[in-house]
Amino acid sequence: HFCGAEHVGAAQVIFDEPPVTWVRMRHFQLEALKQLTLRLLRALPYYATRRSLLDKGLRVPGEVGPCSFTSPVTLLTSEANPGAHQLASEVKAAAERVVSSLSATLAQQGHSASMSRSMTRHASVTGVVRLQSAEAALGGAPTAEGWSSPSA
């Protein structure tokens with residue numbers, strides 16, 4: 001419990017760290033609540049000597065678990081949104097780092113070299129994430145009403 005001079009107050013535990021992003025959608029709210037709960041649990045004396053109990057985070061029955069794509073993903077960026085292409089480029093680079101890291105891990109664990117090469121080749125040649133201009137993909141440009149066609 002949070003009382004006494006030797007214990008940190010609950011508000012301090014929550015607010016001394018960077019803010020938790022709150023998105024008003026059920027699954028995102030659940031993640032935000034789990035982050036806040038973990039902050040509080042880590043401050044409790046019980047977990048001071050049992051940190052490993054919290055290493056895997058918290059699980060809530062019925063929550064959405066990790067997911068992945070089974071084929072490359074194309075991110076559309078609009079020229080009307082400055083910074084969108086830069087962000088998409090960062091996502092693409094992060095995805096390729098993950099695939100490359102996984103490939104190296106598989107090689108270290110004794111999986112076939114061809115499997116590792118295949119994963120690395122998939123990430124660098126076909127692309128885990130592809131970037132494309134929304135204007136080119138949708139054949140027009142953004143307007144207040146939606147997308148204009150090239151003939152408009």
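Here the structure is shown first, and the text comes after it.
Not measured: the values here are computed from a predicted model. (Residues numbered from 1 in each chain as written. Predicted model: local features only at pLDDT ≥ 70, side-chain atom pairs only at ≥ 80, totals over all residues. Heavy atoms only, no water.)

Another aspect to go through is the packing of aromatic side chains. Throughout the structure, instances matching the rule amount to one aromatic pair. Considering the side-chain rings of Tyr-46 and Tyr-47, the 4.9 Å spacing of their centres and the 85° angle between planes classify their relative orientation as edge-to-face. According to the relative accessible area criterion, Tyr-46 is partly exposed, its value standing at 45%. Among the residues examined, Tyr-47 registers a relative accessible area of 17% and is labelled buried. A cation over a ring is seen here: Arg-50 above Tyr-46, with NZ or CZ 4.0 Å from the ring centre. (Phe/Tyr/Trp six-rings, centres within 6.5 Å; stacked < 30°, edge-to-face > 60°. Buried < 20%, exposed > 50% of the residue type's maximum accessible area, 1.4 Å probe, protein only. Lys NZ or Arg CZ within 6 Å of the ring centre and 35° of its normal.)

Let us now look at the environment of Leu-58. Take Leu-58: it is sitting in the loop between helix H3 (45-48) and strand E1 (73-77). Residues Leu-58 and Gln-35 lie 23 residues apart in sequence; the distance between their C-alpha atoms is 8.5 Å. Leu-58 has contacts with Lys-34, Thr-37, Leu-38, Leu-41 and Glu-63, leaving out every residue within four places of it along the chain. (Helix = DSSP H or I, 4+ residues; strand = E, 2+ residues; numbered from the N terminus. Contact = heavy atoms within 4.5 Å.)

Here Glu-63 lies in the loop between H3 and E1. For Glu-63, a relative accessible area of 9% gives the class buried. A polar side-chain atom of Glu-63 sits 3.5 Å from a polar atom in the side chain of Arg-59. Reaching out from Glu-63, the side chain makes a polar contact with the backbone nitrogen of Val-60 at a distance of 2.5 Å. In contact with Glu-63, not counting residues within four places along its chain, are Leu-30, Glu-31, Lys-34 and Leu-58. (Polar contact = N/O pair within 3.5 Å; in protein donor to acceptor, adjacent residues only side chain to side chain.)

Turning our eyes to something else, we now look at a nonpolar patch on the surface. Together, Val-23, Met-25 and Phe-28 line one region of the surface with nonpolar side chains, adding up to about 280 Å² of accessible area. Relative to the assigned elements, Phe-28 resides in helix H2 (residues 26-43). (Patch = residues over 30% accessible without salt bridge, like charges linked within 9 Å, V, L, I, M, F, W, Y side chains within 5 Å. Areas by Shrake-Rupley, 256 points an atom, 1.4 Å probe, with all protein chains shown as cover. Salt bridge = Lys/Arg side-chain N within 4 Å of Asp/Glu carboxyl O.)

By rolling a water-sized probe across the atoms, one finds the places where empty space is left. By volume, the second largest pocket amounts to about 160 Å³. His-27, Phe-28, Leu-30, Glu-31, Lys-34, Arg-59, Glu-63 and Val-64 together form the lining of the second largest pocket. Among the residues making up the lining of the second largest pocket, the classes are represented as three nonpolar, one polar and four charged. (1 Å grid on protein atoms, 1.4 Å probe; cavity = no way out; pocket = protein on both sides within 12 Å on 5 of 7 lines; lining within 4 Å. Points joined across faces, edges and corners; volume = space filled by probe spheres on them. Nonpolar A, V, L, I, M, F, W, Y, C, P; charged D, E, K, R; others polar.)

All right, on to the nonpolar core then. If you look at the biggest cluster of nonpolar residues, it comprises five residues: Leu-38, Leu-41, Leu-44, Tyr-47 and Leu-54. Not counting chain neighbours up to four residues away, the residues in contact with Leu-41 comprise Tyr-47, Leu-54 and Leu-58. (Core = buried A, V, L, I, M, F, W, Y, C linked by side-chain atoms within 4.5 Å.)

All right, on to the side chain of Ser-78 then. Among the secondary structure elements, Ser-78 is positioned in the loop between E1 and helix H4 (84-108). Overall, the relative accessible area of 19% leaves Ser-78 in the buried class. Within the structure, Ser-78 has its side chain in polar contact with the backbone nitrogen of Ala-80 (distance 3.0 Å). At a separation of 2.9 Å, a polar atom in the side chain of Ser-78 contacts the side chain of Glu-135.

Before going further, it helps to examine the pattern of salt bridges. Within this structure, the stated rule accounts for five salt bridges. One salt bridge connects Arg-39 with Glu-17, and the closest N-O pair in it is separated by 3.4 Å. Taken as a pair, Arg-39 in helix H2 and Glu-17 in the loop between helix H1 (10-15) and H2 lie far apart in primary sequence, 22 residues in all. Judged by its relative accessible area of 10%, Arg-39 is buried. A salt bridge links Glu-63 to Lys-34; the nearest nitrogen and oxygen atoms lie 2.5 Å apart. Residue Glu-63 is found in the loop between H3 and E1, and its partner Lys-34 is found in helix H2; the two are separated by 29 residues along the sequence. For the pair formed by Glu-63 and Lys-34, the shared burial category is buried. Put simply, Glu-31, Lys-34, Arg-59 and Glu-63 are held in one network by salt bridges that share partners.

Treat this as a map of the structure, not an account of what it does.
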